[in-house]
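# Architecture at a glance
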Amino acid sequence: MSSNKLGLDPALVHRARALAAKAGRPVVDMARSHTTVSVERAVLRLSGVTGADPDGIPWVNRLVDAVRNDVGLGHGVALPVFHALAEHGLEPTGAELTLLAQKAAAGSVRFDLPTGKAVTAAKKASRRQVAAGIKLIDRNRADRDKMIKRYGDPKQRPWIYLIVATGDIYEDIPQAQAAARAGADVIAVIRSTGQSLLDYVPEGATREGFAGTYATQENFRLMRAALDESSRELGRYVRLTNYASGLCMPEIATLAGLQRLDMMLNDSMYGILFRDINPIRTFVDQRFSRQIHARAGIIINTGEDNYLTTADAVEAAHTVTVSQLLNEYFAHEAGLADWQLGLGHAFEINPELPESFRLELAHALLARELFPDAPLKWMPPTKHMTGDVFRGNLLDGFFNLVGALTGQGILLVGMMTEAVVTPWLSDRDIALQNVRYVLGAAGNLHEDFVPAPDGFIQRRAHQVLDEAIDLLEKIEDDTLLNAIADGTFGIMKRPAHRGKGLDGVAKHDDGYYNPATEILETPGKEQQ
Amino acid sequence: MKTVIRPYGDTTGDGMTQVSFTLPLPHDKKAEGAALQLAAKMGLEPAMLVHAKQMGDGFTFFVIYGSVRHLVELDKVVVVERDFPLLTAKEVNTVVKQKLRRKLSVVGACIGTDAHTVGIDAILNLKGIAGEKGLEYYRELKVVNLGAQITVPELVAAAKAEKADAVLVSQVVTQRDAHLHNTREMSAAFREALPADKRPLLIVGGPRFDELMTDELGVDRIFGRGTTPREVASYLVHALITNKAERKKAVAA
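Everything numeric in this text was worked out from a predicted model, so none of it was measured. (Residues numbered from 1 in each chain as written. Chains lettered and ligands numbered in written order. Predicted model: local features only at pLDDT ≥ 70, side-chain atom pairs only at ≥ 80, totals over all residues.)

## A look at the overall build of chain B
- Counting secondary structure elements, chain B contains seven helices and ten strands.
- Here the C-alpha radius of gyration of chain B, 24 Å, is well above what a compact globule of 253 residues would show, namely 18 Å.
- Taken over the C-alpha atoms alone, chain B extends approximately 70 × 45 × 35 Å along its principal axes.
- Taken over 253 residues, chain B has a buried fraction of 34%.
- Sequence separation of at least 24 residues holds for 65% of the intrachain contacts in chain B that already meet a minimum separation of 6. (Helix = DSSP H or I, 4+ residues; strand = E, 2+ residues; numbered from the N terminus. Rg over C-alpha atoms; globule rule 2.2 N^0.38 Å. Buried ≥ 20, exposed ≤ 12 C-beta atoms within 10 Å, placed from the backbone. Contact = placed C-beta atoms within 7 Å.)

## Notes on the confidence of the model for chain B
Residue and element names in this part refer to chain B.
- Taken residue by residue, chain B gives an average pLDDT of 89. The fraction at 70 or more is 94%.
- Within chain B, the lowest mean pLDDT, 82, falls on helix 3 (residues 118–124), and the highest, 98, falls on helix 1 (residues 29–41).
- Among the scores for the predicted complex, ipTM is 0.83 and pTM is 0.85. (pLDDT = per-residue confidence, 0-100.)

## Examining the sheet that holds strand 2 (residues 159–164) of chain A
Residue and element names in this part refer to chain A.
- Taken together, nine strands build an open sheet; the order of strands is 7-6-5-4-3-2-10-9-8 and the sheet is parallel. One side of each edge strand has no neighbouring strand; the edge strands of this open sheet are strand 7 (341–342) and strand 8 (344–346).
- In the packing of helix 8 (residues 217–234) onto the sheet, contacts are made with strand 3 (186–189) and strand 4 (239–243), and the angle to strand 4 comes to roughly 160 degrees. (Pairing = 2+ DSSP bridges. Axes fitted to C-alpha atoms, helices over the stretch in contact; angles between N-to-C directions.)

## Here's the deal with the pairing of strand 3 of chain A
All names here are of chain A.
- Side-chain alternation along strand 3 places Val-186 and Ala-188 on one buried face and Ile-187 and Val-189 on a second face that is also buried.
- Alignment of strand 2 against strand 3, held across four bridges, turns out to be parallel. In the sheet register, Leu-162 faces strand 3, and the bridge partner there is Ile-187.
- Chirality of the crossover, the property in question, places the unit of strand 2, helix 7 (residues 169–181) and strand 3 among those that are right-handed.
- Sheet topology note: the strand 3/strand 4 ladder contains three bridges and is parallel. Directly across from Val-186, in strand 4, lies its bridge partner Arg-239.
- Read from strand 3 through helix 8 to strand 4, the crossover connection turns out right-handed. (Right-handed = clockwise from strand over helix to strand, strands pointing away.)

## So, unusual backbone geometry
- With an omega of -5 degrees, the peptide bond running from A:Arg157 to A:Pro158 counts as cis.
- The omega angle of the peptide bond from B:Glu45 to B:Pro46 is -5 degrees, so this bond is cis rather than trans.
- Here B:Pro46 is to be found in strand 3 (residues 44–55).
- Even without being a glycine, B:Arg101 presents a positive backbone phi close to 60 degrees.
- Tracing the backbone shows B:Arg101 in the loop between helix 2 (89–100) and strand 6 (104–110).
- One non-glycine residue, B:Lys163, lies in positive phi territory at about 45 degrees.
- Looking at the element boundaries, B:Lys163 is found in the loop between helix 4 (152–161) and strand 8 (166–170).

## A word on the sheet that holds strand 7 (residues 141–145) of chain B
All names here are of chain B.
- Strands sit in the order 7-6-8-9-10 across an open sheet of five strands; the sheet is parallel. Among the strands making up the open sheet, the edge pair consists of strand 7 and strand 10 (221–223). For this sheet, the mean inter-axis angle between neighbouring strands, taken without regard to orientation, is 20 degrees.
- Judged from the three bridges that link them, strand 9 (residues 201–205) and strand 10 form a sheet pairing that is parallel. In the strand pairing of strand 10, Val-204 is matched with Ile-222.

## Some words on helix 16 (residues 425–442) of chain A
- Taking 1.5 Å as the rise per residue, helix 16 of chain A with 18 residues should run 26 Å; its terminal C-alpha atoms sit 26 Å apart, in good agreement.
- Within the sequence span of helix 16 of chain A, burial applies to A:Asp427, A:Arg428, A:Asp429, A:Ile430, A:Ala431, A:Asn434, A:Val435, A:Val438 and A:Leu439.
- Next to the buried residues of helix 16 of chain A lie strand 2, helix 7, helix 15 (389–405) and strand 10 (410–412) of chain A together with strand 3 and strand 4 (59–68) of chain B. (Expected span 1.5 Å × (residues − 1).)

## Some words on the domain arrangement of chain B
- For chain B, the assigned domains are domain 1 (4–74) and domain 2 (89–252).
- Of note, the centres of domain 1 of chain B and domain 2 of chain B, computed from C-alpha atoms alone, are 41 Å apart. (Domains from an automatic or database assignment.)

## Here we look at the packing of helix 15 of chain A against helix 16 of chain A
All names here are of chain A.
- Two elements in contact, helix 15 and helix 16, have axes separated by 9 Å at closest approach and are oriented at 40 degrees. Here helix 15 lies oblique to helix 16, going by the angle between them. The crossing of helix 15 and helix 16 is right-handed. Across the interface between the two elements, Asn-393, Asp-396, Gly-397, Asn-400, Leu-401 and Ala-404 of helix 15 pack against Ile-430, Ala-431, Asn-434, Val-435, Val-438, Leu-439 and Ala-442 of helix 16.
- Looking at the contact of helix 15 with helix 16 residue by residue, the class counts come to eight nonpolar, four polar and one charged. (Parallel < 35°, antiparallel > 145°, perpendicular 65-115°, else oblique. Left-handed = near helix turned anticlockwise from the far one by under 90°. Nonpolar A, V, L, I, M, F, W, Y, C, P; charged D, E, K, R; others polar.)

## Thoughts on the environment of A:Met416
Residues and elements named next belong to chain A.
- Along the chain, the position of Met-416 falls in the loop between strand 10 and helix 16.
- Sequence separation between Met-416 and Phe-390 is 26 residues, and the spatial gap between their C-alpha atoms is 7.2 Å.
- Not counting residues up to four positions away in its chain, the partners in contact with Met-416 are Val-389, Gly-392, Asn-393, Asp-396, Asp-427, Ile-430 and Ala-431.

## Thoughts on the packing of helix 14 (residues 356–370) of chain A against helix 17 (residues 456–478) of chain A
Residues and elements named next belong to chain A.
- Following both chains from N to C, one finds helix 14 and helix 17 inclined at 55 degrees, their axes separated by 9 Å at the closest point. Relative to helix 17, the element helix 14 lies oblique. For helix 14 against helix 17, the interelement crossing comes out right-handed. Note on element contacts: helix 17 touches helix 14 through Phe-456, Ile-457, Arg-460, Ala-461, Val-464 and Leu-465, opposite Arg-358, Leu-359, Leu-361, Ala-362, His-363, Leu-365 and Leu-366.
- Its residues placed into classes, the contact of helix 14 with helix 17 shows ten nonpolar, one polar and two charged.

Here you go:
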C-alpha cells in the first residue's frame, strides 16, 4: 500500500516522525518514573488475585489500598505483598494472595518493605507468580493464531466492525452472534457510559448498564466463548473488541489478554481530553496497558475520530495527524508492531461544505500513506447525522466509498439512525447492505484511484501535513503536557495537575519493583 | 376555524404514508400477511407491501406504502411556540447591561453518566453551531461550562458558587429514560438546596425531550432538537429580565 499516491516528500514525513518522537520522549520518561494504583492492581491481577468483597470492590483494590496506607505506592506493591505473604506463611499462589487481600481488608495484616535477603526472595516469588499470568496471555495469543490458521481471516479488507450495546451481556451475546452471521468481522461491546470514571473493574456477568455493557472479566469470557462458537460456524475468526480506557486501563488490558480479546480501544490522550482524567495518570496507565497489548497480540484502536466531533473536521484535520504520529510513537515505544496500530480517523466534515468528499479523501489517504503498514480504523459520520435517515444512509455510503478508495483496515459500520436510537436489527441490516454494496461494487477501486499530481487532493494532503509539522514544532517547544493544557487537541484544556485520578499516581522511589514491567520489557526470556 | 389535513403523496388528500418495521417472523406468505394486518391496524388502507427481506433466522423487514385513514385536526395541535422575541447578540448584551447592570451568570453541564457534550458545547462554546456563536461570545454573559459527567451535587455547588442566574443542562443519552431521571433529580436538588427566589432558572436541552414536560420535570424550560444559542440567550433575557420587570409592573399596578 505504500504507493506514494500523494507525492509526499519522504524527508518531510521523516521530520514529522522525528518531531513526534521528540515531543513524546519526556512523556515516556515521566511514565517510566511513575506508577499508579491501576498499574499495581494489574500486577496483582497477573499474579492471580481474583474476586471482590461483598460490596463488589475487587480484592485487588482492597489489597493495593492497604499496601498504600502502610508503606505508600512508591516501591510498588509486589515487594510488600510477597514479603507479607512469606511472613504469614502463605504460599505464593493466586488463591493465597486473594486470602492475603481479605486479611488485609479485615485489618489483620500490616505491610512493610522487605530489606536484605527478603528483598531478593520477594522479587523472585513475585516474578514467578506474575510470569505465570503472562504465560496465560502468551497461551491465549498462540490459541488465537491457531484459530486464525484454522478458520481464516475475513476475505476482504477493510474488516467490518460492528457495535453491540444493550447493557445486558446475555442480550449482547445473541446480538453479536447475529451480527457476525450478517457479516461482521469484529464485534465491539461498547461499555456502559461512566465506566471510564470508575476506579475499579466491576466483577462478574452484568445485566445492567447505560448505553453499554460493563467491561468485566466474566463478560469478556462469555462473549469470547460465544464468538468462538460463531467462528466455528462461519469459518472465519470473529474478533472481539473492548475498551482499555479510563481509570482502569492497565487492568482492563490485562483482563483482555487473559480472556483473548483481539482488539482494544486504547488512545494515548482520549481519557485526558474527553473524560478529564489526569494527564500523568493517563500516560502512565497508557504505557503499561500498551505493553500488555503488545505482548497479547492485541490490535489497538486509537481515538482520533473524537477530536473531530468537538473541533471542526477541516480546521482540526492536522491535529488528527499529530495525534496519530504521537500514538504511533507511544505504541512503538511500548513494543507494539505496526500491524497492531489501528490508528483512528473519521468522516466528519460538514457535508454542506463544498468539496467535502474530496477533502475526506485527501485526509483519509494522507493517513494511509503516512502509516502504510497500520490497519487504520475508519470511523463513520456522527456529528452531521441529523436524524434524516435517508440522507444518513447516503452519507454512510460515501463514507464506505472513501474506506474502499483509500484501503482502510478496519471499518466501523455507520448507522443511518446515528443520533436517533441505539441501532435496531433492521438498521444494522441496512448498514451492512450499504457496506456490502460499496465493497462489492468498488472494493478494489483503490487500484485505479490515483489523485492527479498537484491536484486538489494532493495539495490538501500536503497542507495538512505541513500544518501537522508546524503544530509538532510548537508542541516540542512548549512540551506535550503544556500543549494539552492549552487545549491543542479537541479544544479541551487539561492541565497536568488537574483531572480525575491524580491521587492514584505515585513517583517511583529508589528500589521500585514491578515484575510485570520487568518481564514485558525483556521479551523472549519468559516466552515459550 | 377547523382545518383538517391528511398526509400528501402526490395529490391533495391522498393520505399517502410510508412506514418500515421488523416482525419477528421468517419471511413467507404468512409474514407478509401479518405485515399488512399491522398496517391496516395502523390505519393504512389500502396498503402496498413494497419490500420484504428476511434478516437472520427469524426476522423480516418490511417497507409499506399506503393511504392512512386518520385525519389531522390542526386546531387540536398543541405545541410550545416561542413566546419571547428573538434578539441579536448585541441586543441581548444591551438589555443585560442596561437592565441587569451586571453580568448574567450561566452555568452549564452534562449531568449523570452522560458524556455527550455535543449539545451543551454547541450552545455554550464560543464556536457555537451552524454559524451562530455560542453564549461564551456574549460579552454580558458569564459562562461556566462544567463539561461532562457532572454529578447533581457538583452542579448545585457550582451554581451557588457562580451565583448562577440560569443553569443549562444537556442530556443526550436516553437509554432507560436516563435523561428524564437525571433531570428530575437535578430539579429536585435545586428545590431542596435553594429557596424559590434564589433558585436559578433551570433549563434542559436534548434531542429527545418533549418540550411540553416542563412541569413534570420541574424545570423552567425545555429546548428540543435544532435549538440555537441565540434562542437560548433570548429566552434568558426574556425570562430573567424583560418578563420579570413586566410582572413586577403588573403587580405594582
